[in-house]
Amino acid sequence: MEVALLTIGDELLAGDTANTNGTWLAERLTERGVTVTRILTIPDDRALIADRVRAYSDDFDAVIVTGGIGGTPDDVTLDAVADAFDRELVVSEQARTAVEQRLDDIGDAVPDLDVDVDAEATIPEGGRPILNPEGLSPGCVVENAYVFPGIPRELKAMFGTVAEEFVGEAVSQFLYTVEPEANIVSTLEAIAEEFAVSVGCYPDRDARHNRLKLTATDEETLAAATAWLRERVNTSETPVERDWSRSDVYSDKD
């Protein structure tokens, strides 16, 4: 399963808000064997959001959109998603009931809250609401587009209710080595030719090691590729480190 992520918001592009949602979603999806093929951050631009949702819906198994749903003027994501699929915006009775219940629940803590319930409960016609246990604005599923708020706490709670809909075949193995990256390039090239795997090398001078990631579509291939690599490169399945000013190299085989 291949998924694209769209994170929406002028504040993300300006650096006013850290884009933690993209990283969190990518981690959760990868854990489920899903391949995240795109992560794109775009502004609160209705036409641009609609264009990207439409394109990613066609190109990938699913597109996840976060940010820009709510009641402020810059919240145009639901309008854009409706545009992408040529839908009207309508009030979801299921979402309306949930919004009313949420208002009752928080009424004592937030008195005199002026909320347009119908506006909060509006989603693209034919969409399936994703109820929001941590806030007011529901998300929704329209065809293969999943729409969530940008508030991380709300996103995490709501994603948990649909996580089982994201299933992939990708499996991965991390290895750690103190070998300099330049010394293992030819081996990493060879493993990609020998096995149906992808391989990445991620130097981390702060952690004082290089992190290798092997990804395959089945456990047997992954295990064989991992064994092949470990015979040729000095690696560990747990983080290791070295003093990069020294010539000695860690070995977990001693």
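Above: the structure in question.
Just so it is clear, the structure is predicted and the values come from calculations on it, not from any experiment.

(A) Structural context of the sheet that holds strand β10 (residues 198-204). Spatially, the three strands line up as an open sheet ordered β9-β11-β10, and their pairing is antiparallel. Edge positions in the open sheet fall to β9 (171-177) and β10, since each of these has one partner strand only. Strand after strand, the sheet turns through a mean of 20° between neighbouring axes, direction not considered. Both β9 and strand β11 (residues 209-216) contribute to a ladder of seven bridges, which runs antiparallel. The residue of β11 that forms the bridge with V171 is A216.

(B) Geometry of helix α5 (residues 93-106). The terminal C-alpha atoms of α5 lie 20 Å apart, and with 14 residues this matches the ideal 20 Å at 1.5 Å per residue to within 8%. Restricting attention to buried positions, one finds in α5 the residues A95, V99, L103 and I106. The arc that holds every buried residue of α5, seen down its axis, measures 75°, which confines them to one face. Pointing more than 90 degrees away from the buried face of α5 are the exposed residues E93, T97, D104 and D105. Along its buried surface, α5 packs onto α6 (117-120) and β6 (128-130).

(C) Structural detail: the nonpolar core. Membership of the largest hydrophobic core comes to 23 residues, with the highest contact counts inside it found for L6, I49, V53, V65, F85 and V147. Those elements that place two or more of their residues in this core are β1 (2-8), α3 (46-59), β3 (62-66), α4 (77-84), β7 (139-142) and β8 (145-148). I49 has contacts with I8, I42, P43, D44, V76, T77 and A80, leaving out every residue within four places of it along the chain. V141, F148, F159 and F166 belong to the second-largest nonpolar core, a separate cluster that totals 19 residues.

Reading the values: the criteria
- Residues numbered from 1 in each chain as written.
- Predicted model: local features only at pLDDT ≥ 70, side-chain atom pairs only at ≥ 80, totals over all residues.
- Heavy atoms only, no water.
- Pairing = 2+ DSSP bridges.
- Helix = DSSP H or I, 4+ residues; strand = E, 2+ residues; numbered from the N terminus.
- Axes fitted to C-alpha atoms, helices over the stretch in contact; angles between N-to-C directions.
- Expected span 1.5 Å × (residues − 1).
- Buried < 20%, exposed > 50% of the residue type's maximum accessible area, 1.4 Å probe, protein only.
- Arc of directions from axis to C-beta.
- Contact = heavy atoms within 4.5 Å.
- Core = buried A, V, L, I, M, F, W, Y, C linked by side-chain atoms within 4.5 Å.

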